[in-house]
Amino acid sequence: MPNLFEKELQKKSIFKDRDAISQHYSPKELPFREKQIGEITKILSPSIKGKKPDNLFLYGKVGTGKTTVTGHVIKELEEFAEKNHAKVSCNYVNCRNHNSKYKVLIKATKKFFPEENFIGYSAGFIQEKIMEFCRKENQIILVLDEIDKVKDLDELIYSLSRSNDEIEKGSISIIGISNNLMFKEKLDPRTKSSLCEKEMVFPPYNAEELRAILKARVELAFVPDSVSDSAVNLASAIAAQESGDARTAVMLLMRAGEIAENSNSKKVTDVEVQKAKKKVEEDIIFNMISTLPEQQQLVLKAIAVLSMSTKGIKKITGQEEQGVLYSGEIYEKYKQLALSLKESIVSSRWYRQYINELEMYGLILTSASGPGIKGQTKLIKLGFSPEKINSILDGQLGK
DNA sequence: TGTCCACTGGAAGGGAGGGCTT
DNA sequence: AAGCCCTCCCTTCCAGTGGACA
């Protein structure tokens with residue numbers, strides 16, 4: 001009897017290199033981003049000569065290559081600087097994990113003084129440490145990814161730019177990256193003008209571009225001839241239509257590959273991509289629901305239960321519609337459910353807040369009541385099938 | 001036209017918990 | 001270690017809204 005693992009590893013896989021199609025893989029080639037790479041390179045090049053590059057602000061939707069492109073240019077810059085004995089030091093901070101001025105400074109300092117631990121020291125002290133590093137003629141490039149997550153960004157930018165004014169040698173430049181297009185407008189005007197000395201937009205990829213990107217990835221990740229052309233076309237068309245997001249496109253293909261593999265099929269075709277699309281969507285809904293607070297899950301449950309009952313049938317402007325509910329009756333049902341589960345009950349005001357959030361997540365659709373309905377209320381409808389949502393919730397609320 | 005109804009969503013504030021600061 | 005402050009989650013209060021009904 002062969003060993004279990006031996007058997008498993010001997011299975012023929014349609015994946016050649018699974019990593020190449022995972023979310024974390026950063027490709028060596030970055031097609032359709034030559035222009036952006038060129039511009040960033042140009043903006044950062046003064047650092048080699050010991051001059052301060054302009055601050056740079058990059059924005060564009062998720063999966064348009066902002067982080068990958070920046071990472072690529074920075075790697076090249078560091079390599080070149082080292083070869084030419086230029087004192088350039090690049091530092092990447094993801095602000096999702098380091099979401100305050102203090103945390104960003106701590107993370108940034110760690111790279112320059114890897115031996116020391118600054119947690120507990122005041123922000124001023126830490127900043128002084130960074131300046132000390134700059135004074136040794138160092139040019140620092142600080143990449144702040146997901147910069148919109150920093151709570152006191154105005155202060156961070158302000159104090160960094162002031163440090164720049166105070167030191168005579170060396171400098172700190174900031175590359176801010178954000179996928180929130182509205183974010184820039186909300187900044188303090190001074191922060192804005194300081195951060196956005198140079199700006200660059202990463203446009204979404206179109207279907208053609210996505211197809212080329214996917215094709216290249218398929219060659220790296222899959223065994224030859226295991227993915228049909230039309231599967232690639234379909235995946236890129238879906239992604240282009242939904243977001244122009246390369247990450248979604250890649251994920252779609254990876255899931256399709258897994259589906260093909262699990263069903264012992266030797267080839268990824270349209271069918272697998274369609275299935276993958278459905279699966280990805282379900283995963284998203286599942287994740288969204290399972291991270292909701294319990295009370296909010298109960299509100300959703302109330303909507304699902306009512307949608308399935310005859311209460312969900314309403315006559316609005318003469319027409320019968322299935323699954324449309326009034327805000328008031330949902331609140332009543334929610335209270336009932338909470339009571340039966342011995343849960344506490346949130347106020348009606350907070351319930352409305354929950355409803356608004358559920359709409360933002362796309363789990364429900366709402367509209368204002370019009371003629372034919374007494375009073376002023378919200379009409380609420382589930383965004384997905386009540387049976388499906390109900391079954392997910394049963395798994396969650398049982399816990 | 002006025003009153004009632006069934007809500008909506010802003011504002012202010014409480015309190016628990018967590019993290020920065022001293 | 002202790003204090004302080006901030007954030008998050010939530011409540012209370014309330015003015016406002018658009019339709020029904022007399």
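Residues numbered from 1 in each chain as written. Chains lettered and ligands numbered in written order. Predicted model: local features only at pLDDT ≥ 70, side-chain atom pairs only at ≥ 80, totals over all residues. Heavy atoms only, no water.

Novice: What am I meant to see in the overall build of chain A here?
Specialist: Across its full length, chain A holds 15 helices and ten strands. Based on the C-alpha atoms only, the size of chain A along its principal axes is roughly 75 × 60 × 45 Å. Counting only residues that meet the buried cut, chain A has 46% of its 399 residues in that class. Taking all contacts inside chain A whose residues are at least 6 apart in sequence as the whole, residues at least 24 apart take part in 70%. Working note: accessible area of chain A is about 22000 Å², and carbon and sulfur atoms make up 53% of it. Measuring between centres, the 60 positive side-chain charges of chain A sit 3 Å from its 54 negative side-chain charges. (Helix = DSSP H or I, 4+ residues; strand = E, 2+ residues; numbered from the N terminus. Buried < 20%, exposed > 50% of the residue type's maximum accessible area, 1.4 Å probe, protein only. Contact = heavy atoms within 4.5 Å. Areas by Shrake-Rupley, 256 points an atom, 1.4 Å probe, with all protein chains shown as cover. Lys, Arg positive; Asp, Glu negative; His and termini not counted. Charge placed at Lys NZ, Arg CZ, Asp CG, Glu CD.)

Novice: Hey, could you run me through the pairing of strand S3 (residues 139-145) in this one?
Specialist: If a strand is regular, its side chains alternate between the two faces of the sheet. Among the seven residues that make up S3, seven are buried, leaving the element largely enclosed by the rest of the structure. The alternating pattern of S3 places Gln139, Ile141, Val143 and Asp145 on one face and Ile140, Leu142 and Leu144 on the opposite face, and all of these are buried. Sheet topology note: the strand S2 (residues 88-94)/S3 ladder contains seven bridges and is parallel. Bridging from a neighbouring strand, Asn94 pairs with Asp145 of S3. Pairing geometry for S3 and strand S4 (residues 171-178), over six bridges, is parallel. If you follow Ile140 over to S4, its bridge partner there is Ile172. Since S3 and S4 lie parallel, the crossover through helix H6 (residues 153-166) that links them has a hand, and here it is right-handed. (Pairing = 2+ DSSP bridges. Right-handed = clockwise from strand over helix to strand, strands pointing away.)

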